[in-house]
Amino acid sequence: SKHTVNLDNRTATVAVRPFELEMGFQFELRVTVSGKKINVSEIPELPIPEEWMRDKLELNFYKTEQAGGGGEIEDVTYDKESGTAVITFLRPG
C-alpha cells in the first residue's frame, strides 16, 4: 500500500489507490476481405487519438486469428475523416 521512492536525491512516500478506468467503446464495422488486405468502413468517430484507433483495429484483427481468421498484421492504414481503414496481413488467408 505505501512505498518509498528516491527521486533526484529526494525521498517520497507514495500510496497505491484504486481508480476507475474510462468505459471502453463498442462499435460495429463493415468489412470487405480480399487476399492479404481487409477494407474496413463505417468506423465511427470516437474521442480517442488516431494512433489508439489503429492499435484497436490491429488488435481486433490479430485476435481473430484464434477464431479461424485474422493473423499477423503487416500494416494498418486508418483515415479518420472517411471512417475507413485498410488492414494488411503478412500472409494471405
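Use the structure listed above.
Residues numbered from 1 in each chain as written. Predicted model: local features only at pLDDT ≥ 70, side-chain atom pairs only at ≥ 80, totals over all residues. Heavy atoms only, no water.

**With respect to the side chain of Thr-88**
With respect to the element layout, Thr-88 can be found in strand S6 (residues 84-89). Taking the relative accessible area as the measure of exposure, Thr-88 reaches 9% and is therefore buried. (Helix = DSSP H or I, 4+ residues; strand = E, 2+ residues; numbered from the N terminus. Buried < 20%, exposed > 50% of the residue type's maximum accessible area, 1.4 Å probe, protein only.)

**Concerning the pairing of strand S1 (residues 2-7)**
With respect to burial, S1 is a largely exposed element, only 0 of its 6 residues being buried. Between S1 and strand S2 (residues 10-15), which pair antiparallel in sequence order, lie 2 residues; one of them, Asp-8, sits at a positive phi of approximately 45 degrees. (Pairing = 2+ DSSP bridges.)

**Describing the nonpolar core**
One finds Val-40, Ile-43, Met-53, Leu-57, Phe-61 and Ile-87 to be the most contacted residues of the largest nonpolar core, which totals 14 residues. Elements with a contribution of two residues or more to this core: strand S4 (37-41), helix H1 (50-63), strand S5 (73-79) and S6. (Core = buried A, V, L, I, M, F, W, Y, C linked by side-chain atoms within 4.5 Å.)

**Focus on unusual backbone geometry**
For Glu-42, which is not glycine, the phi torsion reads 60 degrees and is therefore positive. Positionally, Glu-42 belongs in the loop between S4 and H1.

**Focus: the pattern of salt bridges**
A side chain with one charge may pair with a side chain of the opposite charge, provided their charged atoms come close. Within this structure, the stated rule accounts for 1 salt bridge. A salt bridge links Glu-74 to Lys-36, with the shortest nitrogen-to-oxygen separation between them at 3.4 Å. Here the residue Glu-74 occupies a position in strand S5, and Lys-36 occupies one in the loop between strand S3 (30-34) and S4, the gap between them amounting to 38 residues. You can call Glu-74 partly exposed: its relative accessible area is 45%. Lys-36 sits in the partly exposed class, given a relative accessible area of 31%. (Salt bridge = Lys/Arg side-chain N within 4 Å of Asp/Glu carboxyl O.)

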